[in-house]
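Geometric and topological summary
Okay, here's what each chain looks like letter by letter:
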Amino acid sequence: MVDSSLTDGFADRIALVTGASSGIGFDTALALGKAGARVGLNYRSNRRGAEKGVEKIRVAGGEAIAIQADVSQSEEVDRMFQQLAGAFGDRIELLVNNAGQWMDRCPLVDCTDAQIDQMWQVNAR
């Protein structure tokens, strides 16, 4: 459970959480939604997880949408922000850059250049 003193002041704020279909991103989006923020839950491939988060926020009385986008692709990031603005308005106030990837969970010394490049595209771009 999130301490309410940490989430006061989020009412009617527009938030976007990347990588929000599971783990820390999911829990962060849920906490923001329960605190009154209107939340965009970004996912790359786990639509079901993002939609579960949207449903939990709505059941708690909040507003949320799931937005599919690969954050390593600039055009998809642009589309993601356009979708969020179309749903809630263009004054996005909170951005949680949570999406991340670790090269297929292999040790760094065993990773290919392509795996390392993909990790950097997602994690740093």
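Just above sits the structure.
Residues numbered from 1 in each chain as written. Predicted model: local features only at pLDDT ≥ 70, side-chain atom pairs only at ≥ 80, totals over all residues. Heavy atoms only, no water.

A closer look at helix α4 (residues 74-88)
Between its first and last C-alpha atoms α4 spans 21 Å; for 15 residues at 1.5 Å apiece the expected length is 21 Å, and the two agree. Those residues of α4 not exposed but buried are V77, M80, L84 and F88. Looking straight down α4, one finds its buried side chains confined to an arc of 55°; they lie on one side. Turned more than 90 degrees away from the buried face of α4, the exposed residues are E75, Q82 and G86. (Helix = DSSP H or I, 4+ residues; strand = E, 2+ residues; numbered from the N terminus. Expected span 1.5 Å × (residues − 1). Buried < 20%, exposed > 50% of the residue type's maximum accessible area, 1.4 Å probe, protein only. Arc of directions from axis to C-beta.)

Concerning the side chain of S21
Here S21 lies in the loop between β1 (14-17) and α2 (23-34). Among all residues touching S21, those that are not within four sequence positions of it are F26, N42, Y43, N46, G49 and A50. (Contact = heavy atoms within 4.5 Å.)

Structural notes on the environment of F26
By the element assignment, F26 lies in helix α2. With relative accessibility at 11%, the residue F26 sits in the buried group. The spatial distance from the C-alpha of F26 to the C-alpha of V54 is 9.6 Å, given a sequence separation of 28 residues. Discounting chain neighbours no more than four positions away, the residues touching F26 are G19, A20, S21, G49, K52, G53 and K56.

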